[in-house]
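A structural walkthrough
The primary structure of each chain is shown beneath.
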Amino acid sequence: MQIATTIEDVRRVRWADPAQTWGLVPTMGMLHEGHLSLVRRARADNDCVGVSIFVNPIQFDRRADLDAYPRQLRRDCELLQAEGVDLVWTPAEDEMYPPGFQTYVALDAISQVLEGAARPGHFRGVTTVVAKLFNVFQPTRAYFGQKDAQQAAVIQQMVRDLAFNLDVVVCPIVREPDGLAMSSRNVRLAPDERAAALVLYRALTAARDEWEQGKRDGDRLRATMRAIVESEPLARLDYVSAADPVTLAEITGPADRALLSMAVFFGDVRLIDNMILQ
Ligand code: PAF
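Summary of the structure given here.

The rules behind each value
Residues numbered from 1 in each chain as written. Predicted model: local features only at pLDDT ≥ 70, side-chain atom pairs only at ≥ 80, totals over all residues. Heavy atoms only, no water. Buried < 20%, exposed > 50% of the residue type's maximum accessible area, 1.4 Å probe, protein only. Helix = DSSP H or I, 4+ residues; strand = E, 2+ residues; numbered from the N terminus. Pairing = 2+ DSSP bridges. Near = heavy atom within 4 Å. Polar contact = N/O pair within 3.5 Å; in protein donor to acceptor, adjacent residues only side chain to side chain. Areas by Shrake-Rupley, 256 points an atom, 1.4 Å probe, with all protein chains shown as cover. Nonpolar A, V, L, I, M, F, W, Y, C, P; charged D, E, K, R; others polar. Axes fitted to C-alpha atoms, helices over the stretch in contact; angles between N-to-C directions. Contact = heavy atoms within 4.5 Å. Disulfide = S-S within 2.5 Å. Phe/Tyr/Trp six-rings, centres within 6.5 Å; stacked < 30°, edge-to-face > 60°.

**Overview of the pairing of strand β3 (residues 48–53)**
The element β3 is largely enclosed, with a buried count of six among its six residues. The alternating pattern of β3 places Cys48, Gly50 and Ser52 and Val49, Val51 and Ile53 on opposite faces, both of which are buried. By the bridge criterion, six bridges tie strand β2 (residues 22–27) to β3 in an arrangement that is parallel. Note on β3: the bridge partner recorded for Gly23 is Val49.

Printed below as a string of structure tokens:
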């Protein structure tokens, strides 16, 4: 496994044999089973696999979140080596954002709802860094988790709009045995918050059960999820949504497909989760 820090090194490794297909898994490190499932899928689909590890400062709306973001590069590299990854790219901040940097990629409506409304500027940071990762790496395929459903939808929209020459592959959410979606933030939950956090999955599955019984009205699905989350004393609801999975517009009447999603605080830890129904 090669470890590159500069753009020049990445390009040298990437184009050593132009006939080879490359899968890229963009990450911010602190890898868990969710990331490794993306790496394994990339390994299965491509000749070579690259993983970027970069804690992207411009997608954090609060400096405290950026500072608190856990980092463990050495362990991440060991995990990636064990998965047979070919190239890890760990750019320095001034490689990604050199002095004088002033070009940003920002999407309209799709990035302004849900996570975008709760975290202004977040998706502008994500799409800017992902566009740069794509330009430098030029992967055949890029892998993202369904856990960040809006991020996946925003990136797919960007790839269509700007005609990036790659396929975006969205991989299923990986859950703990009790249903909690895997996230780097789970380690910050106190034991009672960790138990309470199961309310996200409970709320999603209750709405899914209603959907399966033919109760497919957006308002009703949101009300079901809201009531369940609000019944958990340690949970503070940020938002619940039942939206179209592609446009992310909220469903107002009955629908034939839906992305259920929510964000919930436990103390100062904010968790998100979602489920696609169709
Ligand atoms: O999902 C993440 O870890 C980040 O948002 C990404 C896609 C690596 C961009 O910084």
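**Here's the deal with the site of the ligand**
Near the ligand the following residues occur: Pro26, Thr27, Met28, Asn56, Gln59, Val129, Phe144 and Gln151. Measuring from an oxygen atom of the ligand, one finds a side-chain N or O atom of Gln59 at 2.6 Å. Here an oxygen atom of the ligand and a side-chain polar atom of Gln151 are 2.7 Å apart. For the ligand, whose accessible area on its own is 280 Å², the fraction buried by protein is 89%. Here the residues of the shell around the ligand are counted per class, giving four nonpolar, four polar and no charged.

**Looking at the sheet that holds strand β7 (residues 236–243)**
Backbone-to-backbone hydrogen bonds join strands into a sheet, with any given pair of strands oriented parallel or antiparallel. Spatially, three strands are ordered β7-β8-β9 in an open sheet, and the strand pairing comes out antiparallel. Whereas interior strands pair on both sides, the edge strands pair on one side only; in this sheet they are β7 and β9 (269–277). Across the sheet, the mean angle separating the axes of adjacent strands is 10 degrees when strand polarity is ignored. Examined bridge by bridge, strand β8 (residues 258–266) and β9 share nine bridges and lie antiparallel to one another. Note that in β9 the partner of Ala258 across the bridge is Leu277. In the packing of helix α11 (residues 218–230) onto the sheet, the strands contacted are β7 and β8, and the crossing angle to β7 comes to about 160 degrees.

**Description of the pairing of strand β6 (residues 167–171)**
For strand β5 (residues 141–145) and β6, the ladder comprises five bridges, and the chain directions are parallel. Bridge pairing links Gly145 to Cys171 in β6.

**Some thoughts on the state of the cysteines**
Note on terminology: a disulfide is the covalent bond linking the sulfur atoms of two cysteines. Counted by the stated rule, this structure contains zero disulfides. With no disulfide of its own, Cys48 lies 17 Å from the sulfur of Cys77, the closest cysteine sulfur.

**Some remarks on the packing of aromatic side chains**
Within the structure shown, the criterion is met by seven aromatic pairs. For the pair Phe60 and Tyr69, a centre-to-centre distance of 5.7 Å together with 75 degrees between the ring planes defines the contact as edge-to-face. Taking the relative accessible area as the measure of exposure, Phe60 reaches 13% and is therefore buried. Ring geometry for Phe101 versus Tyr104: centroids 5.4 Å apart, planes at 85 degrees, classification edge-to-face. Among the residues examined, Tyr104 registers a relative accessible area of 34% and is labelled partly exposed.

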